[in-house]
Structure formats: C-alpha cells, structure tokens
Amino acid sequence: MIFNIPFIAVAALILIGLYAIIFRRNLIKMVIGITLIESGVNLFLITLGYREGSVAPIFTSLPTGTTVPEGMAFPVPQALTLTSIVIGVAVLALMLSLIIHIYRHYGTLDVRKIGGGEE
Amino acid sequence: MNIVDFLLQHSPALIVAIPLLGAFLTPLVSRLNDKARNIFVILTLGLTTSIVFLLASDVFAGNIHTYAFGSQDLALPIVRILFEVDAMSAFMTIIGTILALVSVIYSWAFIKENTGLDKYYTLILLMTAGMFGMMLTGDMFNFFVFLEITSIASCALIAFWTNKGKAVEAGFKYIVISTIGALFILFAIALLYGQYNALNIATLASVIQFSFLDKIALVLLIAALAMKAGIVPMHMWLPDAYGRAPAPVTIILIGATQASLYGVFRVCFTLYGNTINLTPVSIGWILVLLGLITMLLGVAMALIQSDFKRLIAFSAVAEIGYMFLGVGAGLTVLGNTEMMAAIGSSAMSGGVFHIMNDALDVGLLFLVAGAVYYATRETSLDKLGGLARNMKYTTVFFIIGLLAVSGMPPMNGFASKLLIYESTFQLNPILSIVAILSSIMLLAVFVKVFHSAFLGPALPKFKDVKEVPKSMLIAMGIIASIIIVFGLFPELIVSNIVEPAVNALISYGDYIREVIPTFTGGM
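Notes on the structure follow. Computed from a prediction, not measured in an experiment: that's the story for all the values here.

**Details of the overall build of chain B**
- When you go through chain B residue by residue, the secondary structure sums to 19 helices and two strands.
- Against the globule reference of 24 Å for 523 residues, chain B gives a C-alpha radius of gyration of 22 Å, in line with a compact fold.
- Referenced to the eigenvectors of the C-alpha coordinate spread, the extents of chain B come out at roughly 70 × 60 × 40 Å.
- A buried classification covers 61% of the 523 residues belonging to chain B.
- Restricting the contact set of chain B to residue pairs at least 6 apart, pairs at least 24 apart contribute 79%.

**Some words on the interface of chain B and chain A**
- In this assembly, 26 residues from chain B lie in contact with 27 residues from chain A.
- For the side of chain B that touches chain A, the secondary structure elements donating two or more residues are α5 (140-158) and α6 (165-196) of chain B.
- At 16 residues, α6 of chain B tops the list of elements feeding residues into the side of chain B that touches chain A.
- When the residues that make up the side of chain B that touches chain A are grouped by side-chain class, the tally is 17 nonpolar, five polar and four charged.

**Details of the packing of helix α14 (residues 392-405) of chain B against helix α16 (residues 429-454) of chain B**
All names here are of chain B.
- Contact geometry for α14 and α16: axes closest at 9 Å, N-to-C directions at 165°. The angle between the axes of α14 and α16 places the two elements in the roughly antiparallel class. The element α14 and its partner α16 pack so that their crossing is left-handed. Where α14 abuts α16, its residues Thr 395, Phe 398, Leu 402 and Val 405 lie against Leu 442, Phe 446, Phe 450 and Phe 454.

**Digging into unusual backbone geometry**
Residues and elements named next belong to chain B.
- Look at the link from Val 232 to Pro 233: it is a cis peptide, with omega at 5°.
- Tracing the backbone through its elements, the reader meets Pro 233 in the loop between α8 (212-229) and α9 (237-244).
- For the bond from Pro 409 to Pro 410, the omega torsion is 5°, close enough to zero to count as cis.
- Inspection of the secondary structure assignment puts Pro 410 in the loop between α14 and α15 (412-427).
- Phi is positive for Asn 197, which is not a glycine, with a value near 60°.

**A few points about the nonpolar core**
- Grouped together as the largest cluster of nonpolar side chains are 238 residues, with contacts concentrated most on Ile 158, Ile 189, Leu 364 and Leu 367 of chain B.
- If one sorts the elements of this core by residue count, α6 of chain B sits on top with 20 residues.

Rules used in this analysis
Residue numbers here run from 1 along each chain, matching the order of that chain's written sequence. Just so you know, chain letters begin at A and ligand numbers begin at 1, following the order they were written in. Since the coordinates come from a predicted model, pLDDT governs what is reported: local features require at least 70, and pairs of side-chain atoms require 80 or more to be given and counted, while whole-chain, interface and lining totals use all residues. Runs of E in the DSSP output that reach at least two residues are strands. Runs of H or I that reach at least four are helices, and both are numbered from the N terminus. The atom set for the radius of gyration is the C-alpha atoms, and the globule formula is 2.2 Å times the number of residues raised to the power 0.38. With C-beta atoms placed from the backbone, the exposure class of a residue follows from how many other C-beta atoms lie within 10 Å of its own: 20 or more, buried; 12 or fewer, exposed; in between, partly exposed. Residues are scored as being in contact if the C-beta atoms we place from backbone atoms lie within 7 Å. Note that Gly is not counted as nonpolar here; it falls among the polar residues with everything else outside the nonpolar set of Ala, Val, Leu, Ile, Met, Phe, Trp, Tyr, Cys and Pro and the charged set of Asp, Glu, Lys and Arg. For every element, the axis is a line fit to its C-alpha atoms; helices are fit only across the contacting stretch, and the angle between N-to-C directions ranges from 0 to 180 degrees. Oblique is the label for any angle not under 35 degrees, not over 145, and not in the 65 to 115 range, which are roughly parallel, roughly antiparallel and roughly perpendicular in turn. For any helix crossing, the convention is left-handed if the near helix is rotated counterclockwise from the far helix by under a right angle, and right-handed if that rotation is clockwise. Working definition: the nonpolar core is a set of buried Ala, Val, Leu, Ile, Met, Phe, Trp, Tyr and Cys residues, joined through C-beta atoms within 7 Å.

Quick look at the structure:
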C-alpha cells in the first residue's frame, strides 16, 4: 500500500486538475488546473523511473557490488520529465499572456462573459 | 559520395533542421529589410521542399529510411532518437511542404500591413518544423515534443491579430485543448514506457501485449489525437481557430491538424497493428462511426453559418470525417488478407488520398476567403455580394475549390470520394449513403456561398474593390492547378503516391523490421 502512494497522488492531481478545468469559471483557475495535470503526469514519469532493486545511476557513488549498467535504473524518465517541465513553462507563459490580452478586451476573466459582442 | 547521396542520407534530419534554423535566423534577416526576409523564408521552405521530394521519391521506390540521433548501436535502444520515414510519412510531408510553401507566398501581400512580421515568419517556420517532426519521427516521446512545438507556434499565430478579442479567445481555446491533449498523450507514453522500457514506436510495436494498461494507453492516445484532429464531438476548437486565424496561418493549421490525424493512423496501424483486432468490437468501427457523425454534424453546422471562414471551417470538419471513414473501414479488416484485398485497401486508398485532397481543397477555399477579406475587409456572407464583377480570378479559384470540395468530377475530390463510396458500400451500404448525402449537402452549402458572395447585384460599397495582389493569386493558382492535375490524372497519383502510403500502413511488419530485424509478425 505504502508504495502505491505516488500513484494515488498522480490520480488525485490529475482529477483535481480536470475538475478545475471543467467546473471553474475563472481563466486563471483553469490554467492552474492545467498545471496540476502537468504535475501529475510529471510525478507519474518520475515514479516510473524507479525499478525494484536498482540504484540511482550516479557513477561516482555506486554501492559496492553493483553491476554496471544492469544494476542501475535507467535515467530516461528524468530526461523526459525535464523536457516536459520546459515545455510546460512555455505553454504556461503563452496562456498567461493570452489571458492578459483577453482581460484587456473584455475586462473580465469569467468564461461566461467573454467572447460575446461584435469585434 | 556525391552531394545528392549525402542530402538523401541526411534528409530526415535536414527536413526538420532547415526550417528550425531558418526560424531563428529570420529575425536577424529581417533587420536588413522586409523583402529580404520574405525571400529568405520562401527560399528556406523551397530548399526544404526540394529535399522532401528527394526523400519522397526514394521512399516511394520502396526504401524505408531510418536516421538515428545519438547511439548507432542497436544494443542500447534508448540512448538515441530514431526518425523513421516510410511511404505514409513521406506522403504526409509532401502535403505539409506544399501547404507551407503556398502559405508563405500568400503571406507576402496578405500580411504586409501588419507589424511584428519577423515574429510571424519565425512562428510559421517553427510550426512547419514541428509539423514535419511529427510526421517523420519514429519515437513516441519525440512525437509529443514536436506536437507541443506545433501547438505553441500555431496558438501564437491563431492569436496573431491580438487587437481582435475573438482571435485571442480562439487562441486560448486552442492552447487549452492542445495542452490537455498533449498531457494525456504523455501519460499514455508513460504507461507504455513503464511496461516495456522503450519509447521507439517500432520497438514498442514488436513487444506490445495489449494488456489492460495498453488498452488505457490506446484510448488516451486515440482520444487526444482525435481531439487535435478535430473529430466530432471534440471539434469545438476547430471552427474558432480556423475561422479567426489569418488565412495563410489557417492553411498551415490544416497541415498541423492532419499531422495529428497521421498520429492516429500511426498508433492504430503500426503501434497496435499486431493486436488491435483482438477486441470484440473493432477499433476500426469506432473510427468509422466517429467519421460518420463528424461528416453529418460538420455539414449540418456549415449550412447554418453566415460567416465565410467559419462556414469553410465546419466543412473542413466534415471533410475530416471522410478520412476517418475510409481509413477506419480499412482498419476493420486489418489482418484479414482476403477482405483487405477486396475492400480494405481501396477504402484506405480513398481515405489517404482524401487527406491530400482535403488539404488542397479546403486550403484553396480558405485562401479565397482570405482574399475576399483582404479586398473587402468583410467576412459576413450577409453583407457580401456581387464580387464576381471585380474579382475575376478569385471567383474562378472559388469555383474550382467549390467543385473539388463537394466531390464533383473532374476535380480531385471526386476521385478520392468515389473510392470511398465504392469500397464502403461493400462493407455496409449505409456508410456510403451517409457519405454521398453529406457530399451533396456540401455542394448545397457552397452554392449558397457562391451565390451570396460572388453573384447578385453590384453593391455600391464594393464599387472600388480591386483584384487581390499577385502573390496571393500565385499562391491560389498553385493549389488550383494541383487540384486540376490530380482531378484529371487520379490514377497516376493513386498508383504512384497513395498506394505505397496505404501499403506502408497495412504492412506494418516492414516498419518494425527496419529497427528490429528479428520481428516475424505483420503482413
């Protein structure tokens, strides 16, 4: 059970994020929801990085008796997570800058009130 | 080694690298002057186009190209990213490169009066690079990265006219949809990696078991990619995005949408090729059903639109339904050699051929709508009228697009739709009846547009409207001539380009054996 906690956290983060995107009216809160989903997916990737019985792939501090490279966890998920975080920052910045433009046009962040009227 | 062999060997990398490098050089070049920048961008994409055709001609001759970034050693499968180009990828890159080249030629005059053009061209090149990356890559995570590059660049371009509130709103809608979609794709990739320790499509396909987690991953991948491809009921972003973006952006956006469509096909046919028909209800039938709903709803919504570009956007939704119908019909009989030869391969030829035809037809219509907007500053069909008097060439191009999109002979739309009608009729007559019905309704939609925008009495406020500048006419002319050539010689295109692409999808074993030589399954 205790080892499943990361996966439960992943599911909780993604569900809370989806709830925020679907039911919240405020654009900023929707963006926070997207960020939560992203954190959930990143946490999932990191959790997958651990393989039972293997050690962290740091060559300089390997425990004695480790077979190289079979005894080490392959550091691919960490690389994927870093890429995903970088992409997430770019998307977040773009979404927030669009929200600034939307606020200038409509004077509100409520999704029910934006989008109406003539151009 | 001569220069052509060298280019051919490195072409998968160059096709992505040239637009990417060009994108970051564009702001520097635009310091010189505007004309130099436009020529630089057109030359960049022209060079890319020639390399695409060089690669495609070799791939259509039967060679699958692989290109490894990083370790060339097969024993370490993860320490590299692999590009793998089969005929389907090559087919998609040809579509993408035509659309991108036409878009920048069209942009020369269309977008001239706007500011921030160095950023505009940078984003166009980035979007093109991302699109090519999605089509060429053989690695799931790499696919996700290129998907995000394309989404970010296209979102910024959809919201290019930031002085219009609705354009910004459409851009925001697009980025929210595509980010959520991309995150679920990443989640599915993580599910696959966790089980099989691999990210390469071919490696994954050779070991996939179709366990419970694989099914979840399949659903997530298809749902997210279909959302990005604009399938009903996940189409709500598409009319906004297509309708509000500047016309030359819309035409590349069609290419980006079809890259997601390519993702759906790659996942269904290659990644899950061995196992997809183990389910009691074939995934193919789900695709066919989605295709039918998409066609009917797209056309029905197009009938009631009064905005020129939104109307075309809804008909673009309907057109995507045809591709899903054709290729989905092929997927239902995947693995069954007899049925595949009788029905599947011609249905898929129709579906795959229609990908190219849709890009050209709908693209041409969007360019015409952009030209009308450029000349009159008006997109509402209620206020337009009598434009045929002042804009002769544009009217001719619109007629060509109209006939092509509604599947009338002798245009290219007819050729691919006929293939779809014939083959799906044998599968189930209702499928082809619905397809023909929506095609007829599409004709009704566009005859209405033709009448209200181009015919009718001359309106006094459009008295001074002039024909659009040359660069826009050239761009529309290129597409129109391709449409007519394809319509007159469909057999040539089908046997030389489309059938290799369809065979590449069907015989997924070859794609896998290129990386895993010991793989034995597949047709």
